[in-house]
Amino acid sequence: MAVSGGEDFDARLRMSAMAWLRTELLRTPEGIRHDTLTEFRFEGTRIPLLNLQRGIWKPAVLDAALSIRTVYRNRADERPYDDAPGAEGLLRYKWMGFDPNASDNRAVRRAMDLRLPLIYLVGIARGVYQPVFPAYVEAEERDRQQFVVSTSAEEETAWRYAAQGQPELAREYLESVRHHRLHQRVFREQVLLAYEGRCALCHLGHRELIDAAHIREDAAGGAPTVTNGIAMCKLHHATFDNLLVGVSPDYRIHVRDDLLEEMDGPTLQHSIKQLHGELIRVPAARLSRPDRGLLAERFDRFERGAA
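Residues numbered from 1 in each chain as written. Predicted model: local features only at pLDDT ≥ 70, side-chain atom pairs only at ≥ 80, totals over all residues. Heavy atoms only, no water.

A. Structural detail: the overall build of the protein. If you tally the helices and strands in the protein, you get 10 helices and 14 strands. Within the span of the protein, comprising 307 residues, buried residues form 47% of the whole. Across the protein, every contact between residues at least 6 apart in sequence was considered, and the portion connecting residues at least 24 apart equals 57%. With an accessible surface of roughly 15,400 Å², the protein has 51% of that area assigned to carbon and sulfur atoms. (Helix = DSSP H or I, 4+ residues; strand = E, 2+ residues; numbered from the N terminus. Buried < 20%, exposed > 50% of the residue type's maximum accessible area, 1.4 Å probe, protein only. Contact = heavy atoms within 4.5 Å. Areas by Shrake-Rupley, 256 points an atom, 1.4 Å probe, with all protein chains shown as cover.)

B. Seen up close, helix H7 (residues 234-241). Of the positions making up H7, those classed as buried are His-236, His-237, Thr-239 and Phe-240. Along the axis of H7, the buried residues cluster in a sector spanning 165°; they form a single face. Immediately beyond the C-terminal end of H7, within one or two residues, lies Leu-243, with a positive phi of roughly 60°. (Arc of directions from axis to C-beta.)

C. Up close: the pattern of salt bridges. Taken as a whole and assessed by the stated rule, the structure comprises 21 salt bridges. As a salt-bridge pair, Glu-24 and Arg-27 come within 3.5 Å of each other at their nearest N and O atoms. Taken as a pair, Glu-24 and Arg-27 lie in helix H1 (residues 6-27) at a separation of three residues, close to a single helical turn. Glu-24 gets classed as buried once you look at its relative accessible area, which sits at 11%. Asp-211 is the salt-bridge partner of Lys-234, the closest N and O atoms lying 2.8 Å from each other. On the criterion of sequence distance, the pair formed by Lys-234 in helix H7 and Asp-211 in strand E11 (residues 210-214) is long-range, its members being 23 residues apart. (Salt bridge = Lys/Arg side-chain N within 4 Å of Asp/Glu carboxyl O.)

D. Inspection of the side chain of Arg-256 at higher detail. Mapped onto the elements, Arg-256 comes out in the loop between strand E14 (253-255) and helix H8 (257-261). Residue classification places Arg-256 among the buried positions, given a relative accessible area of 19%.

E. A look at the environment of Arg-292. On the secondary structure map, Arg-292 appears in helix H10 (residues 292-306). Note on Arg-292: relative accessible area 46%, which makes it partly exposed. A sequence separation of 64 residues divides Arg-292 from Asn-228, and the C-alpha atoms of the two residues are 9.5 Å apart. With residues near it in sequence (within four places) discarded, Arg-292 still touches Pro-249, Asp-250 and Tyr-251.

F. Focus on the packing of aromatic side chains. Scanning all chains against the criterion turns up four aromatic pairs. When the ring of Phe-9 is compared with that of Phe-42, the centres are 5.5 Å apart and the planes differ by 75°; the resulting orientation is edge-to-face. Residue Phe-9 is located in helix H1, and its partner Phe-42 is located in strand E2 (residues 41-42); the two are separated by 33 residues in the primary sequence. The exposure classification of Phe-9 matches that of Phe-42, with both residues buried. Positioned above the aromatic ring of Tyr-251 is the side chain of Arg-292, whose terminal nitrogen or guanidinium carbon lies 4.3 Å from the ring centre. Arg-298 extends its terminal NZ or CZ atom over the ring of Phe-240, reaching a point 4.3 Å from the ring centre. (Phe/Tyr/Trp six-rings, centres within 6.5 Å; stacked < 30°, edge-to-face > 60°. Lys NZ or Arg CZ within 6 Å of the ring centre and 35° of its normal.)

G. Structural context of the pairing of strand E10 (residues 146-150). With respect to burial, E10 is a largely interior element, five of its five residues being buried. Both faces of E10 are covered, namely the face carrying Gln-146, Val-148 and Ser-150 and the face carrying Phe-147 and Val-149. Across four bridges, the pairing between strand E7 (residues 91-94) and E10 is antiparallel. Considered in E10, the bridge of Lys-94 is made with Gln-146. For strand E9 (residues 128-141) and E10, the ladder comprises five bridges, and the chain directions are antiparallel. (Pairing = 2+ DSSP bridges.)

H. Layout of the nonpolar core. Ranked by size, the top nonpolar core spans 28 residues in total, and within it Leu-201, Ile-230, Met-232 and Ile-280 carry the most contacts. Listed by contribution, the elements that provide at least two residues to this core are helix H6 (182-194), E11, strand E12 (229-233), strand E13 (245-247), E14, helix H9 (265-272) and H10. Per-element tally for this core: the top contributor is E12, with four residues. Once you skip the residues sitting within four places of it in the chain, Met-232 turns out to touch Cys-199, Leu-201, Leu-209, Ile-210, Asp-211, Ala-213, His-237 and Phe-240. Counting 24 residues, the second-largest nonpolar core is a separate cluster that includes Ile-56, Tyr-93, Ala-111 and Leu-118. (Core = buried A, V, L, I, M, F, W, Y, C linked by side-chain atoms within 4.5 Å.)

I. The arrangement of the pairing of strand E8 (residues 118-125) in detail. Burial within E8 is extensive, with eight of its eight residues counted as buried. The hairpin formed by E8 and E9 contains two residues between the paired strands, and Gly-127 there has a positive phi angle of roughly 80°.

That's the geometry; what it means functionally is another story.
This is the structure:
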């Protein structure tokens, strides 16, 4: 039976939990189910990595929080707490309730004071989480009732720039690694899960070749939500991004006129031209299907670009 034994015990448990998570992610890279996350064992004792009733989890054998969790909702405004990146890209994780001395908030504060690594569990579907680790609590913004959390080496570096009085350098650094930010990673996993790891256009099922294509681009303010994404293989993602192929609000595929007229071998013929007029494969769950308004906006650009 695992028995609390100070800092060494804490460090061993966290390292073991994160090693276990890496193994589980090799088995299910699309995410880990909540029931699996309750089965972690350390030194003969089962120690769940989350508590489904609470966003902040501190097992009884630890003095500080082990994990924090953001639940999945199809729309961000449906979440009970507004966990989101701040202006410099670091996650703002809301307190549990409004009492700064609530046990959960004290547990996160303790992890901050001791500089302990946390597991951040991000909901990507109901009951499925993408674990991000190690995450560190960098600061607390009491006036806003939230903690500042870094979730990557890049964000930690940017935080140190900001702490050294170089906020511009911090912003520039984060901009250079923007494609690796947490919300993009989670966006991809949510979209691939909704589309069962297959391209919506050609149905290719090799997950390593499938991307999450934005309908409204991230740079244009597109939200990292399932309804703003379509699973596409790398070839069709490139054609979509470059307005060579469009998807109308009725989920129909359109190939640009000049490509339809072009003769350039079997790849163009069978991989692109033959898709013209076909319907994309949409998720079974209606709430996960592409937003028709966003598709109309994008398709207007396609038609103007194709004109």
